[in-house]
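Understanding the architecture of this molecule
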Amino acid sequence: MNETIQILSVSHYVTLCTILFSIGVLGVLLKRNAIIMFMCIELMLNAINLMLVAFSAHSQNPAGQTFVFFIMIIAAAEVAVGLAILVMVFRNVNSIDIEKLQNLKW
Amino acid sequence: MIQNAFYILSAIAIFCALMVVLSKNPVHSVLYLVTCFFAISGHYILLNAQFLAIVNIIVYAGAIMVLFLFVVMMLNLNQQNTLEKDTWVKFACVIGGGALMLALTASIRTAELTTLSVTPLSNQGTVQSIGKELFSTYLLPFEISSILLFAAIVGAILLAKKEID
């Protein structure tokens, strides 16, 4: 498969990941629905994963890909616990609007 | 050829990521996010990381997104899609996100990555090589992550179950 050596530079991937990460941050800032904020966090994690894979392919080091694998495990655990917390919040407050969760506000 | 694939996949990923934020219906957001994850899996295949591409589809587009869809369905969120922030707050949010992207791009431009090029090894991202890494160098983190997953399962059940009094 020597003919599939790529002409793309790493900066292509870095630019793409920067855009995806910023869209995720924008979603977390912009939305009031907690589930969509969670989805934007997943988007940010995926942007970082893609960047790690690009750098691992660039430096010919498989450690980056194993690290991405561990990030996926952490993300799965985080989503399970986070969605359980969201279900509990919905049961207590009867809404998923984060503006209603201001008991800790000073 | 590869460059065209890269640009097409990037366009799909960025469009779907934008639609996740912009669409009003949470179910549409979930479906756009699934499409975005498939585009990112395409990027993994372009980077010769076949194992991660398959795992990304199975774990993210399969398991996690089904979890999201189930929660959206259970909470019946379609009646509450009028959750919007004030216009001024939205304006400030967009300015903040844009400033973050500007800062990241400006800092990365100085890192002199432009001369380097991606030349993936042919057998680097295969199941065999990743599995060898996982079960030799990273054996302890691998086992610890199984404990973490177990704790997450127990915690999720404990948090989400109804109180029986």
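None of the values given here were measured: they were computed from a predicted structure. (Residues numbered from 1 in each chain as written. Chains lettered and ligands numbered in written order. Predicted model: local features only at pLDDT ≥ 70, side-chain atom pairs only at ≥ 80, totals over all residues. Heavy atoms only, no water.)

1. Describing the interface of chain A and chain B
Contacts between chain A and chain B engage 73 residues on the former and 75 residues on the latter. There are zero salt bridges connecting chain A and chain B. Viewed at the interface, chain B and chain A are joined by three residue pairs in polar contact (both at pLDDT 80 or more). Among the secondary structure elements, those contributing two or more residues to the side of chain A that touches chain B are helix 1 (10-30), helix 2 (34-58) and helix 3 (63-93) of chain A. By residue number, the principal contributor to the side of chain A that touches chain B is helix 3 of chain A, which donates 22 residues. (Contact = heavy atoms within 4.5 Å. Salt bridge = Lys/Arg side-chain N within 4 Å of Asp/Glu carboxyl O. Polar contact = N/O pair within 3.5 Å; in protein donor to acceptor, adjacent residues only side chain to side chain. Helix = DSSP H or I, 4+ residues; strand = E, 2+ residues; numbered from the N terminus.)

2. Considering the pattern of salt bridges
Residues and elements named next belong to chain A. Enumeration over the complete set of coordinates arrives at one salt bridge over all chains. Here R32 and D97 are joined by a salt bridge, their closest N and O atoms 2.3 Å apart. Here D97 lies in the segment after helix 3 and R32 lies in the loop between helix 1 and helix 2, a separation of 65 residues in the sequence. Using a relative accessible area of 4% as the deciding quantity, one classes D97 as buried. (Buried < 20%, exposed > 50% of the residue type's maximum accessible area, 1.4 Å probe, protein only.)

3. So, unusual backbone geometry
In terms of backbone geometry, most residues other than glycine have negative phi values and most peptide bonds are trans. Unusually for a residue other than glycine, N94(A) sits at a positive phi of about 65°. With respect to the helices, strands and loops of the structure, N94(A) is situated in the segment after helix 3. Overall, the relative accessible area of 56% leaves N94(A) in the exposed class. Here N48(B), not a glycine, exhibits a phi torsion of approximately 70°, which is positive. Examined against the element boundaries, N48(B) turns out to sit in the loop between helix 2 (26-46) and helix 3 (50-75). Overall, N48(B) belongs to the buried group, its relative accessible area being 16%.

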